[in-house]
Each structure stands twice: as structure tokens, then as C-alpha cells.
Amino acid sequence: MEIHVDKDACVGCGLCVKDCPMHVYELQDNVSVAVRPNNCMGCLSCHEICPAQALEHRGIYAARRHYIDVNVCEMLRKVV
Amino acid sequence: MSAGYIDELHEAFHSDLVYRSEEIPLECSPKPKEMEQTLHGVMKLNGLVIRSLEEIAGRGANAVTYRAGKKFGHEVAKYFQKREDVEGALHELSDLLRGQYSFEVWKPEDKETFIIEENGETFIYLVFHDCIVRQTLRRNGLDQGGPLCQTLFGYVVGAIEEITGRKAKLEIVHTGPNACLKKLVLK
Ligand code: SF4
Ligand code: SF4
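Computed from a predicted model, the values in this text were never measured in an experiment.

## Quick word on the interface of chain B and chain A
Quite often, the size of an interface is put as the accessible area lost when its parts meet. Counting from both sides, the interface comprises 25 residues of chain B and, opposite them, 25 residues of chain A. Taken together, both faces of the contact between chain B and chain A bury some 2100 Å²; the carbon and sulfur share is 51%. In this structure, the connection of chain B to chain A is made through one salt bridge. Ionic pairing is found between Arg 138 of chain B and Glu 48 of chain A, a salt bridge with its closest N-O pair at 2.5 Å. Taken together, the links from chain B to chain A amount to 12 residue pairs in polar contact (both at pLDDT 80 or more). Looking at the side of chain B that touches chain A, the elements that each hand over two or more residues are α2 (36–57), β1 (101–106), β3 (121–131), α5 (132–140) and β4 (168–175) of chain B. Here the side of chain B that touches chain A is built from residues that sort into nine nonpolar, 10 polar and six charged.

Set out below in C-alpha cells:
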């Protein structure tokens with residue numbers, strides 16, 4: 001697994017550090033660094049919690065997303 | 001109700017199809033794409049049932065759904081090959097769950113083997129990737145780890161017990177939007 005943190009976007013809140021169950025991240029000089037990427041099991045909780053959308057995972061298995069209602073998304077796309 | 005509307009309905013439910021009796025259906029209808037609305041309906045319904053169950057039974061809801069899942073796991077796995085080795089049992093289990101759930105055996109990088117012995121316990125980490133329960137919970141804005149997850153827990157435990165003839169337990173380590181980490185404890 002390759003994890004990339006956008007240093008310019010990261011606000012150093014440390015939420016990913018606290019939330020990751022596998023202790024993949026550490027804060028270094030107020031920026032998150034993926035120090036143990038091989039421990040990542042791809043839950044993507046860090047993506048959900050990061051307020052800056054600063055994270056990127058490469059080589060991840062994206063689970064099926066049946067819950068997305070395309071009709072609702074289409075309507076939202078017209079508004080947003 | 002206007003006659004026009006009634007005619008419209010009649011037209012919608014009428015076709016020139018010739019339907020012959022079949023012994024064993026060979027395909028499901030409609031096509032998967034057209035089932036999207038049905039799927040959302042089922043997810044919504046399941047979510048409401050679980051929400052109501054939680055409201056009425058409180059913490060007892062977990063016990064009910066776990067037991068239901070476990071019975072189902074035993075029932076379904078009865079027809080599968082009996083295996084004593086854990087690897088074989090997990091293989092059987094992944095066949096059993098195909099299409100609804102997918103999982104892989106996983107280990108943190110500091111562990112040598114997939115079967116881990118720690119504090120007098122023998123366990124295996126399983127990462128559940130595709131999961132219809134997670135989809136349903138997210139569809140309904142419900143938390144993961146509650147009664148609906150317990151049905152899957154019961155199901156896996158029931159199936160493993162049936163296949164291996166050994167007692168088992170499943171614990172949640174972490175639930176995420178894309179995958180969940182579980183610990184299968186072997187007794
Ligand atoms: S995907 Fe999950 S395990 Fe991987 S870094 Fe993010 S929170 Fe940690
Ligand atoms: S959650 Fe996002 S913004 Fe906060 S430290 Fe982690 S990467 Fe940076």
C-alpha cells in the first residue's frame with residue numbers, strides 16, 4: 001500500500017493519527033506522515049475523518065458501494 | 001381514478017410474452033441494473049427493522065440478531081464440506097459468502113504468521129471488504145457495529161463451527177467505510 005499525504009493541504013489536526021486503528025500515521029512538524037503504510041488494511045476511516053482531504057491511498061481495494069443512490073446524487077449534482 | 005390511468009396500468013402489466021413452465025429457473029430478472037431500486041428498498045426496510053428492534057429491545061437486540069445469524073450460518077454450512085484445518089474452513093466460508101461479503105486473511109507487519117497466538121488466545125485477523133451489512137447501514141445512516149453487524153458475526157461463527165466442528169468467536173477490531181477488521185478467535 002502506498003499512502004500519500006498532501007503536505008500543503010494537511011492542517012496538522014492529528015485526527016488521522018488518533019483514528020487509524022493500525023497506527024499508520026505520526027505527526028511530524030505538524031504534518032501527518034504515513035510511517036507504517038504496510039500496516040494499512042484499507043478501511044479508509046482516515047479519509048472520512050480528514051477535514052482537509054489530504055490523503056491518498058494507492059493500490060487499495062475499493063469495496064462495492066451499493067448504498068449510493070444515483071438518483072439522489074444526480075439531483076444533488078444539479079444543485080451543488 | 002380516471003379510466004385513462006387504469007388503462008395505463010393495464011398496459012404496463014400486459015405483454016405478448018409466452019411464458020412456459022420451467023423446472024429450474026436459469027436466470028433472475030430483471031437485469032442487475034434494473035434491480036437498483038429494489039436493492040435500495042430492501043436496504044431501507046432492513047434498516048428500519050433494525051432501528052425498531054433496537055428501540056424496543058435495547059441492548060438485547062444484539063443477542064437476537066447474533067442468534068439469528070448463527071442459526072443461519074449453521075444451517076447453510078451444513079451442506080458444505082467439513083474441514084478440520086482453518087485455512088480450508090475459511091476457503092469454504094468465502095465460497096459461502098460470495099456475492100454478499102468478501103474477506104481476506106490479514107496480519108500486521110510485525111507478525112510472522114496469519115495464525116496469531118497472543119495472551120493465551122489463538123486468532124486470525126479477517127478484513128471484510130465487500131459487505132452488504134455495511135452498505136445497508138450507510139444507506140440508512142446507522143452506526144456500524146450494532147445489531148445488523150451481529151447477524152454477520154453470528155453467521156460467520158455458525159458457519160465456521162459447522163465446518164470445523166470447533167467453537168469460535170468473532171470480535172470487531174475496527175469498522176471503516178471501506179473495510180472492517182475482525183478477529184476470529186479459535187477455541
Ligand atoms: S485506511 Fe484505515 S488502516 Fe489504512 S491508514 Fe487509513 S485508517 Fe489506517
Ligand atoms: S486528518 Fe488530515 S489534516 Fe488532520 S493531520 Fe491527518 S492528514 Fe493532516
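Picking up where we left off.
## A short note on the pairing of strand β3 (residues 31–34) of chain A
Residue and element names in this part refer to chain A. Of the strand pairs in this sheet, strand β2 (residues 25–28) and β3 are connected by four bridges, and their pairing is antiparallel. The residue of β3 that forms the bridge with Gln 28 is Val 31. Between the antiparallel neighbours β2 and β3 lie two residues, among them Asp 29 with a positive phi of about 50°.

## Some points on the site of ligand 1
Residues and elements named next belong to chain A. Near ligand 1 you find Cys 20, Pro 21, Met 22, Val 24, Tyr 25, Cys 40, Met 41, Gly 42, Cys 43, Leu 44, Cys 46 and His 57, and these make up its full shell. Using a 2 Å cut-off from the grid points, one finds that ligand 1 occupies the second largest cavity. Partitioned by chemical class, the residues of the shell around ligand 1 number 10 nonpolar, two polar and no charged.

## Thoughts on the layout of surface pockets
A water-sized probe rolled over the atoms picks out the places where empty space is left. All names here are of chain B. Of the pockets and cavities examined, the largest pocket occupies roughly 350 Å³. The wall of the largest pocket is formed by 17 residues, among which Gln 100, Tyr 101, Ile 132, Val 133 and Thr 151 lie closest to the centre. Mapped onto the lining of the largest pocket, the elements with two or more residues apiece are α2, α3 (60–77), α5 and α6 (147–164). If you tally residues by element for the lining of the largest pocket, the top one is α2, at five residues.

## Overview of empty space enclosed by the protein
All names here are of chain A. The tally for this structure, following the rule as stated, stands at three cavities of 30 Å³ or more. Lining of the largest cavity is provided by 14 residues; of these, Cys 10, Cys 13, Cys 16, Ser 32 and Cys 50 occupy positions nearest its centre. Its residues placed into classes, the lining of the largest cavity shows 11 nonpolar, three polar and no charged. In this structure, the second largest cavity spans a volume of roughly 80 Å³.

## A look at the packing of α3 of chain B against α6 of chain B
Residues and elements named next belong to chain B. At a closest axis distance of 6 Å, the pairing of α3 and α6 adopts a crossing angle of 35°. The handedness of the crossing between α3 and α6 comes out as right-handed. The residues of α6 that touch α3, namely those facing Ala 61, Asn 62, Thr 65, Tyr 66, Gly 69, Lys 70, Phe 72, Gly 73, His 74, Val 76 and Ala 77, are Pro 147, Gln 150, Thr 151, Phe 153, Gly 154, Tyr 155, Val 157, Gly 158, Ala 159, Glu 161, Glu 162 and Ile 163. Residues belonging to the contact of α3 with α6 are distributed by class as follows: 11 nonpolar, nine polar and three charged.

## Focus: the packing of aromatic side chains
Residue and element names in this part refer to chain B. By the definition in use, this model includes four aromatic pairs over all chains. A ring pair is formed by Phe 72 and Tyr 155, whose centres lie 5.1 Å apart and whose planes are at 40°; its orientation type is tilted. Remark: Tyr 155 occurs in helix α6 and Phe 72 occurs in helix α3; sequence separation between them is 83 residues. Exposure remark for Tyr 155: the relative accessible area of 9% places this residue in the buried category. Ring plane angle 35° and centroid distance 5.4 Å describe the contact between Phe 103 and Phe 128, whose orientation is recorded as tilted. In this pair, Phe 103 sits in strand β1 while Phe 128 sits in strand β3, placing the two residues 25 residues apart along the sequence. The class of Phe 103 is buried, set by a relative accessible area of 14%. Taking the ring centre of Phe 114 as reference, the NZ or CZ of Lys 107 above it sits at 5.9 Å. The ring of Phe 128 has Lys 182 lying over it, and the distance from NZ or CZ to the ring centre is 4.5 Å.

## Quick word on the site of ligand 2
Residue and element names in this part refer to chain A. For ligand 2, the full set of nearby residues is Cys 10, Val 11, Gly 12, Cys 13, Gly 14, Leu 15, Cys 16, Ser 32, Cys 50, Pro 51, Ala 52 and Leu 55. Spatially, ligand 2 is embedded in the largest cavity. Across the shell around ligand 2, the residue classes tally to nine nonpolar, three polar and no charged.

## Quick word on the packing of α2 of chain B against α3 of chain B
All names here are of chain B. Where α2 meets α3, the closest approach of the two axes is 7 Å, and the angle between their N-to-C directions is 130°. Here α3 runs oblique to α2, going by the angle between their axes. Two secondary-structure elements touch here, α2 through Ile 50, Leu 53, Glu 54 and Ala 57 and α3 through Gly 60, Ala 61 and Thr 65. Across the contact of α2 with α3, the residue classes break down as four nonpolar, two polar and one charged.

About the thresholds
Per chain, residues are indexed from 1 in the order of the written sequence. By the order in which they are written, chains take letters starting at A while ligands take numbers starting at 1. Confidence filtering applies because this is a predicted model: local features only for residues at pLDDT of at least 70, side-chain atom pairs given and counted only at 80 or more, and all residues used for totals across whole chains, interfaces and linings. For side-chain calculations, the full set of non-hydrogen atoms in the structure is used, while hydrogens and water are omitted. Whether two residues are in contact is decided by their heavy atoms: any pair within 4.5 Å suffices. When two components associate, each loses some accessible surface as probed by a 1.4 Å sphere; the sum of these losses over both components is called the buried area. Within this document, salt bridges are pairs made up of a side-chain nitrogen of Lys or Arg and a carboxyl oxygen of Asp or Glu, the two lying within 4 Å of each other. Counted as a polar contact is a pair of N or O atoms within 3.5 Å, where, for protein atoms, one must be capable of donating a hydrogen and the other of accepting one, and residues adjacent in sequence contribute only when both atoms are in side chains. Counting from the N terminus, the helices are DSSP H or I runs at least four residues long and the strands are E runs at least two residues long. Charged means Asp, Glu, Lys or Arg here, nonpolar means Ala, Val, Leu, Ile, Met, Phe, Trp, Tyr, Cys or Pro, and polar covers whatever is left, Gly included. Note: two strands are recorded as paired if DSSP finds a minimum of 2 bridges between them. Distances are taken per atom, and a residue is near a molecule or strand as soon as one of its heavy atoms is within 4 Å of it. Think of a 1 Å grid over the protein atoms and nothing else: a 1.4 Å probe that fits but is trapped marks a cavity, an open set flanked by protein within 12 Å on at least five of seven lines marks a pocket, and residues with an atom within 4 Å of a point count as lining. Grid points define the cavity or pocket, and a molecule sits in it when more than half of its atoms lie within 2 Å of them. Grid points are joined across faces, edges and corners, and a volume is the space filled by probe spheres set on the points. Axes here mean lines fitted to C-alpha atoms, for a helix over just the part in contact, with angles spanning 0 to 180 degrees between N-to-C directions. Two helices that cross are described as forming a left-handed crossing if the nearer one is turned anticlockwise from the farther one by less than a right angle, and a right-handed crossing if clockwise. Pairs were defined over the aromatic rings of Phe, Tyr and Trp, the Trp ring being its six-membered one, requiring ring centres within 6.5 Å. Orientation was assigned from the angle between planes: stacked under 30 degrees, edge-to-face over 60, tilted for the rest. Throughout, exposure labels follow a simple rule: accessible area from a 1.4 Å probe, protein chains only, divided by the maximum for the residue type, with under 20% read as buried, over 50% as exposed, and the rest as partly exposed. We call a charge positioned above a ring when the Lys NZ or Arg CZ atom is no farther than 6 Å from the ring centre and deviates by at most 35 degrees from the ring normal. An angle counts as roughly parallel when it lies under 35 degrees, as roughly antiparallel when it exceeds 145, as roughly perpendicular when it falls between 65 and 115, and as oblique in every other case.

Geometric descriptors of this kind do not, in isolation, establish any biological role.
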